[in-house]
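Given next are the chains, with one letter for each unit.
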Amino acid sequence: MNKKHLLLALCLALSLSMSACGEKQTVPSDSAPPPVTDMPSDGNPPAEEQPEIPELPEEPSDDQTPSEPSDPGEEQPEEPSDPEPPVVAPPVTQPPVTQPPATEQPKPPAVTPPQQEYDVLLASTTNGLQVRTGAGTKYASMGSLDQSDMVAAVRKSDGWYEVYYKNTRGFVSSAYVKSVQFAKGSNQVENVISEGKKLLGIPYELGAQRYHWGNGVKNTDFTGKTYDCSSLMQYIFKVGAGVNLDMTSRSQSLQGTYVARKNIRRGDLLFFTNSSRVNKTGLERIGHVALYLGDNMILHTASDHAVIEPISAQRSSYYITARRFL
């Protein structure tokens, strides 16, 4: 019950009480009139006794609102209490992550570069060194080497070297030669040079028969007993590496790949003019070809026989171009 209902009930009770007091009492007619009482001296009728007004209960203050009585027969549900706040676990402190100590990676095994191989030749230390048919001065001479001319050694025995000469074997005294080595090139380059070494000492012949006709088709008139410069190069490149060179030094100078003089290497062909062509122009100036071995040495044939020798100052001044085939 709220405050408004309580006030309305109190007002209704007070109204009923007052109306009961104001009603006139009906006196039966057969009864004697009531005695007349003395009037008060003042002549005023006695004051009508006012009914006692019941004391009203105190009106509850705004902050004291009475609770409505509950029905005794109905079980009132308990007011749910505020839920307990969830227990928040303190944050778990993670231990610092420690990196495992860096393990030193094993170093890969050192790659050993391939060992440089060398071609060892014998250079004559004198002019007129005889190349003999056997190991001794009693054997016949096959030819001779000038100072700095080179031959390829096969083996040494009792003060004599067995060497390649004129496409066979000869002997030179070990007292008049020294070893000279050259860094080797590719296998194909070395094969070509090896074929040339076998022909050292074979006579020169201008216009000698070619091994083939420039296209690989063999010349049936070829004997291999003489060579000029271009026929010698044609033979050793075909037999050693299967490369078809043309038939003259001039046409050969148009084959292969151009190489600057500062970049020439073992196995390149060098082209020169000569005393009879030095005043010509263009391609006609070329009159000689040689195989470069390295360290200013060439394998070629000119005027006498096939030989390995240094490039002379005169020949160097005749240089024209270089070509690479391997």
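Data block above holds the structure.
Residues numbered from 1 in each chain as written. Predicted model: local features only at pLDDT ≥ 70, side-chain atom pairs only at ≥ 80, totals over all residues. Heavy atoms only, no water.

Caption draft 1: Here's a closer look at the overall build of the protein. A count of helical and extended segments in the protein gives 5 helices and 13 strands. Every one of the 326 residues in the protein was classed for burial, and the buried ones make up 31%. Considering only residue pairs separated by 6 or more positions, the protein has 59% of its internal contacts joining residues 24 or more positions apart. As presented, the protein carries roughly 22,500 Å² of accessible surface, and 52% of it is formed by carbon and sulfur atoms. (Helix = DSSP H or I, 4+ residues; strand = E, 2+ residues; numbered from the N terminus. Buried < 20%, exposed > 50% of the residue type's maximum accessible area, 1.4 Å probe, protein only. Contact = heavy atoms within 4.5 Å. Areas by Shrake-Rupley, 256 points an atom, 1.4 Å probe, with all protein chains shown as cover.)

Caption draft 2: Broad picture of the pairing of strand β10 (residues 288-294). With 7 of 7 residues buried, β10 lies mostly within the body of the structure. Across 4 bridges, strand β9 (residues 269-272) lies against β10 in antiparallel orientation. In the strand pairing of β10, F271 is matched with V289. Here 3 bridges tie β10 to strand β11 (residues 297-302), and the two strands are oriented antiparallel to one another. Across the sheet, L291 pairs through a bridge with L299, a residue of β11. The turn linking β10 back onto β11 is made up of 2 residues, and D295 within it adopts a positive phi angle of 55°. (Pairing = 2+ DSSP bridges.)

Caption draft 3: Inspection of the packing of aromatic side chains at higher detail. In the structure shown here, the tally under the stated rule is 7 aromatic pairs. Relative to Y235, the ring of Y211 lies with its centre 5.0 Å away and its plane at 85°, an arrangement referred to as edge-to-face. Within this pair, whereas Y211 is found in the loop between α2 (187-198) and α3 (229-241), its partner Y235 is found in helix α3, the two being separated by 24 residues in sequence. Taking the relative accessible area as the measure of exposure, Y211 reaches 18% and is therefore buried. On the accessibility criterion, Y235 (15% relative accessible area) is buried. Members of the aromatic cluster, each reached through a chain of ring pairs, are Y211, F222, Y227 and Y235. The ring centre of Y319 lies 4.1 Å from the NZ or CZ of R261, which sits over that ring. (Phe/Tyr/Trp six-rings, centres within 6.5 Å; stacked < 30°, edge-to-face > 60°. Lys NZ or Arg CZ within 6 Å of the ring centre and 35° of its normal.)

Caption draft 4: Broad picture of the pattern of salt bridges. In total, this model carries 9 salt bridges according to the counting rule given. The shortest N-O distance in the salt bridge between R169 and E162 comes to 2.9 Å. On the accessibility criterion, E162 (11% relative accessible area) is buried. Across the pair R324 and D268 runs a salt bridge, and its minimum N-O distance is 2.9 Å. (Salt bridge = Lys/Arg side-chain N within 4 Å of Asp/Glu carboxyl O.)

Caption draft 5: View of α2. Taking 1.5 Å of rise per residue, 12 residues should cover 16 Å, and α2 covers 17 Å from first to last C-alpha, within 8% of that figure. Within the sequence span of α2, burial applies to V189, E190, V192, I193, E195, G196 and K197. Residues of α2 that are buried make contact with β1 (118-124), β4 (150-157), β5 (160-165), α3, β10 and β11. (Expected span 1.5 Å × (residues − 1).)

Caption draft 6: Representation of the packing of α2 against α3. Running from N to C, α2 and α3 point in directions that differ by 130°, and their axes come no closer than 8 Å. Put simply, α2 runs oblique to α3. The chirality of how α2 crosses α3 is right-handed. Along its contact with α2, which presents Q188, N191, V192, E195 and G196, the element α3 presents I236, F237, V239, G240 and A241. A per-class count over the contact of α2 with α3 returns 5 nonpolar, 4 polar and 1 charged. (Axes fitted to C-alpha atoms, helices over the stretch in contact; angles between N-to-C directions. Parallel < 35°, antiparallel > 145°, perpendicular 65-115°, else oblique. Left-handed = near helix turned anticlockwise from the far one by under 90°. Nonpolar A, V, L, I, M, F, W, Y, C, P; charged D, E, K, R; others polar.)

Caption draft 7: Spatial organisation of the environment of T223. Mapping T223 onto the fold places it in the loop between α2 and α3. A C-alpha to C-alpha distance of 7.4 Å links T223 and Q209, two positions 14 residues apart in sequence.

Caption draft 8: The arrangement of the nonpolar core in detail. M233, I236, F237, L269 and L291 are the most contacted members of the largest nonpolar core, which has 45 residues in total. A per-element tally of this core places α3 first, with 7 residues. The residues contacting L269, other than those within four sequence positions of it, are M233, F237, L245, V289, A290, L291, T321, A322, R323 and F325. Listed in part, the 10 residues of the second largest apolar core include L270, A290, Y292 and A322. (Core = buried A, V, L, I, M, F, W, Y, C linked by side-chain atoms within 4.5 Å.)

Caption draft 9: How the structure looks around α3. Taking 1.5 Å per residue as the helical rise, α3 with its 13 residues ought to reach 18 Å, and the 18 Å between its terminal C-alpha atoms agrees with that figure. Along α3, the positions that sit buried rather than exposed are C229, S230, S231, L232, M233, Q234, Y235, I236, F237, G240 and A241. Buried-residue contacts for α3 involve α2, α4 (249-252), β9, β10, β11 and β12 (305-310). Of the residues one or two after α3, G242 is the one with positive phi, at around 75°.

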